[in-house]
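Reading the structure
Single-letter residue listing:
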Amino acid sequence: MRFVETDKVELKEKNSDSLPKEIESFLNTEGGVLYIGINDDGDVVGVENIDSTLRLISDILSDQIEPNAIDCVRPEVEFVGSKAIIKINIKKGYSSLYCIKKYGFSSNGCHYRVGTTCKSMTLEMIKKRFEAGLSSLDMMVRRESYYSEMRFTKLKMLLIENGYHLEENSFERNFKLRTNDGSYNYLAELLSDENSIPFIFAKFKGKTKATFSERSDYGNQCIVLAYERMKERLMLENICKTITNPRPRRDIYLYDMDAVNEALVNAIIHNDYRITDPQVAYFDDRLEIISHGGLPNGLTKEEFFKGVSKPRNEQLMDIFTRLGIVEHTGHGIPVIVEKYGESAFEISESYIRVTIPFNREVLLNHGAISGAISGVNRDELEVKEKIILSEIETNPNLSTRELSENLNIPFRSVQRYISNLREKGFIERVGANKNGYWKVIK
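Presented here is an overview of the structure given in this document.

Reading the values: the criteria
Position labels on residues start from 1 in each chain and follow its written sequence. Confidence filtering applies because this is a predicted model: local features only for residues at pLDDT of at least 70, side-chain atom pairs given and counted only at 80 or more, and all residues used for totals across whole chains, interfaces and linings. To obtain the side-chain values, all non-hydrogen atoms of the structure were included, while hydrogens and water were left out. Space inside and on the surface of the protein is sampled on a 1 Å grid over the protein atoms alone, with a cavity defined as a set of points where a 1.4 Å probe fits but cannot get out and a pocket as an open set with protein on both sides within 12 Å along at least 5 of 7 lines; lining residues have an atom within 4 Å of a point. Grid points are joined across faces, edges and corners, and a volume is the space filled by probe spheres set on the points. Each helix corresponds to a stretch of at least 4 residues labelled H or I by DSSP, and each strand to a stretch of at least 2 residues labelled E; elements are numbered beginning at the N terminus. Amino acids are sorted into nonpolar (Ala, Val, Leu, Ile, Met, Phe, Trp, Tyr, Cys and Pro), charged (Asp, Glu, Lys and Arg) and polar (every other residue, Gly among them). In this description, contact between two residues means that some pair of their heavy atoms is separated by no more than 4.5 Å. Think of each axis as a best-fit line through the C-alpha atoms, taken over the contacting stretch in the case of a helix, with angles from 0 to 180 degrees between the N-to-C directions. Here is the rule for handedness: rotate from the far helix to the near one, and if that takes an anticlockwise turn smaller than a right angle the crossing is left-handed, while a clockwise turn gives right-handed. Only protein chains enter the accessibility calculation, which uses a 1.4 Å probe. A residue is then buried if its area is under 20% of the maximum for its type, exposed if over 50%, and partly exposed in between. Arc definition: it is the arc formed by the directions from the helix axis to the C-beta atoms. Here a pair means two rings of Phe, Tyr or Trp (six-membered ring of Trp) with centres within 6.5 Å. Their orientation is stacked below 30 degrees between planes, edge-to-face above 60, and tilted elsewhere. Strand pairing is defined by DSSP finding a minimum of two bridges between the two strands. The term polar contact refers here to a pair of N or O atoms within 3.5 Å; inside protein, the definition further demands a hydrogen-donor-capable atom paired with an acceptor-capable atom, and it admits residues adjacent in sequence only when both atoms are side-chain atoms.

**Description of empty space enclosed by the protein**
Tallied over the entire structure, the rule returns 1 cavity of 30 Å³ or more. Considering only enclosed or pocket space, the largest cavity measures out at about 410 Å³ in volume. For the largest cavity, the lining is made up of 31 residues, of which Asn 266, His 270, Phe 304, Gly 332 and Ile 333 are closest to its centre. When contributions to the lining of the largest cavity are tallied by element, the ones reaching two or more residues are helix H9 (257-269), strand E14 (286-292), helix H12 (332-340) and strand E16 (351-357). If one sorts the elements of the lining of the largest cavity by residue count, H9 sits on top with 6 residues. Here the lining of the largest cavity is built from residues that sort into 16 nonpolar, 11 polar and 4 charged.

So, in C-alpha cells, the structure goes:
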C-alpha cells in the first residue's frame, strides 16, 4: 500500500518540530489527515514508540495550539501489515483562526495549507479571520455533537410555560440547535433531555480537598433543569440563623443566595465547554463556583467588574433569557462585587473562580448545633418536621420532591424542614442526591 501527499494528506516519517504547525494549518484550512510513520515516498516505515507519540500529540493540542482544538483532532493507531502508524484526523476548526501559542496571532504563528505545503498568513488575512470570528455564531453552535438523535421535551415544556408558542417544524432551526451542515451541535446536546454532560456538586470536610465528603451529579439532563437542581441544593445548604433580640426578628444566612445564584448562572453561560464543565465545591468555610476559559475574548477585567455583558455562549444566554433566568443586563457581577468585593474573583487565562465566604456568625452557631446535636428531642420538633421525619423513616429513598408530593407540602417548605432536621442532627444524606438515601440519626 502506497500513500501520496495531497492538499488534505500530509506524510511524516517521524515526529518533528513542524508537527504543531502542520496540525494548525489543517485547522485553519479545510481539515485533512496527517500520518506519522510514512516517509515522503509514501512507504510505510512504522512508529516505534506509539505511547510517547500519542502523548506528544495530546501535549501539542493542550499546550501549543490556541484556541483549544481538542474536539477537532482525533489520533488513532492503524496497522499496515506488521507496522503501526498513527493517523491524525483533523477537522476544519470551529474557530475562524488558530495559531501556534508561543508566536500568537502573527505571521509566524498562523498558517494555512496550500497544496502540500504550509504557508504563513499575512497580517491582512489574520485580521479578516479574527474579525470574522468576532461576528460569527458562537463556538457552541458551530461545534458538532457526537449524538445524531436528541429529544427536547423538557426544554419545550419550559418555553411553553413561559408563554412561547413553538412550531415543531422550525423549533430546532429557530433555537439554532444544528450546525450549517444539518448535524446537531453542542448547544443541542447541552439542552437535550438526556446527555453525558456532568454538573458536579462536591462537598469536602474541612477547608481543603484532602477529605472528600459527598459528590452529587446534577447533570446528564437539560442544562436548565441541571441549573435548577443545583440551585435547589445550594438553597438547601444555606443555613439560616434567626436573631430575635433585639426586635424586630431578623434572619441571617450562611451566604447571600442572590450573589450565589448570579455566580452559578454566569458559570454555566460563560463556561468554555471545550475544556471541561463548570463545578461547585462546598467547604467548611466557603463555597467555590468555577467556570473555565477565563474572560471572553476582548473583555477586560475592568469591563468585567463594571458588568459589561459579553457572553461566551450567546445562544445559551438567549435560552436562559427567554426562560426569565437572566435579564442580560450585566448586573450579575456587580451584585456579587457589592456583597463580597472584587477579591471574591480569581481570574486566570483558563478559569474564573468565585469564592463565597460563609457568614462566621451562622457558621459558629451551626458548629455548636452540629457538635451537640442541639439537644432537641423529637417532641420539640415542629408538626411538619415530625411528619417529614416519620415519612423518611418509612421510606428513606424518597427525594425532596417526592416528599413534597406525598405530603402535599410546598417543595420550598419541605426543603426548609429537611434543612432544619439536618441542622438539628436528626437526619443526614448518604450518597448522591439521585441514588442516595436519608439516614435517621436519632
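**Thoughts on the environment of Lys 209**
Note on placement: Lys 209 falls in the loop between strand E9 (200-204) and strand E10 (212-217). Placed 73 residues apart in sequence, Lys 209 and Tyr 282 show a C-alpha to C-alpha distance of 9.7 Å. When near neighbours in sequence (up to four residues on either side) are disregarded, Lys 209 contacts Phe 204 and Phe 283.

**Quick look at the packing of helix H8 (residues 223-237) against helix H11 (residues 314-322)**
Where H8 contacts H11, the two axes come as close as 11 Å, and the packing angle between them is 65°. Where H8 crosses over H11, the handedness of that crossing is right-handed. Each of Ile 223, Val 224 and Tyr 227 in H8 lies in contact with H11, whose residues at this interface are Leu 316, Ile 319 and Phe 320. Looking at the contact of H8 with H11 residue by residue, the classes come out as 6 nonpolar, no polar and no charged.

**Looking at helix H15 (residues 400-407)**
Every buried residue of H15 is accounted for by Thr 400, Leu 403, Ser 404 and Leu 407. Along the long axis of H15, the arc covered by the buried residues comes to 100°, so they all point the same way. Those residues of H15 that are buried are in contact with helix H14 (383-394), helix H16 (411-423) and strand E18 (437-440). Looking one or two residues beyond H15, the residue adopting positive phi is Asn 408, at roughly 55°.

**Examining the packing of aromatic side chains**
Inspection of the entire model under this criterion finds 14 aromatic pairs. Each ring, one from Tyr 186 and one from Tyr 273, has its centre 6.0 Å from the other, and the planes form 45°; the classification is tilted. With a gap of 87 residues between them, Tyr 186 in helix H7 (residues 186-191) and Tyr 273 in the loop between H9 and strand E13 (279-282) connect regions that are remote in the sequence. Here the two residues Tyr 186 and Tyr 273 agree in accessibility, since each one is buried. Each ring, one from Phe 204 and one from Phe 283, has its centre 5.1 Å from the other, and the planes form 15°; the classification is stacked. Taken together, the residues Phe 204 in strand E9 and Phe 283 in the loop between E13 and E14 connect sequence positions 79 residues apart. Of the two residues, Phe 204 and Phe 283, neither departs from the other in class, the shared state being buried. An aromatic cluster of three or more residues is present, and its members are Phe 152, Phe 171, Phe 175 and Tyr 184.

**Quick notes on the sheet that holds E13**
In space, the 6 strands of this open sheet follow the order E10-E9-E13-E14-E16-E15, with mixed pairing throughout. Looking at which strands have only one partner, the edges of the open sheet turn out to be E10 and strand E15 (345-347). Neighbour-to-neighbour, the strand axes of this sheet turn through a mean angle of 15°, independent of strand direction. H8 contacts E9, E10, E13 and E14 of the sheet and is inclined by roughly 25° relative to E9.

**Observations regarding the side chain of Arg 233**
Inspection of the secondary structure assignment puts Arg 233 in helix H8. A polar side-chain atom of Arg 233 sits 3.3 Å from a polar atom in the side chain of Ser 216.

**Points about the environment of Thr 179**
Of note, Thr 179 is situated in the loop between helix H6 (171-174) and H7. A sequence separation of 36 residues divides Thr 179 from Arg 143, and the C-alpha atoms of the two residues are 7.3 Å apart. Residues in contact with Thr 179, not counting those within four places in the same chain, are Val 141, Arg 142, Arg 143, Glu 144, Tyr 184 and Asn 185.

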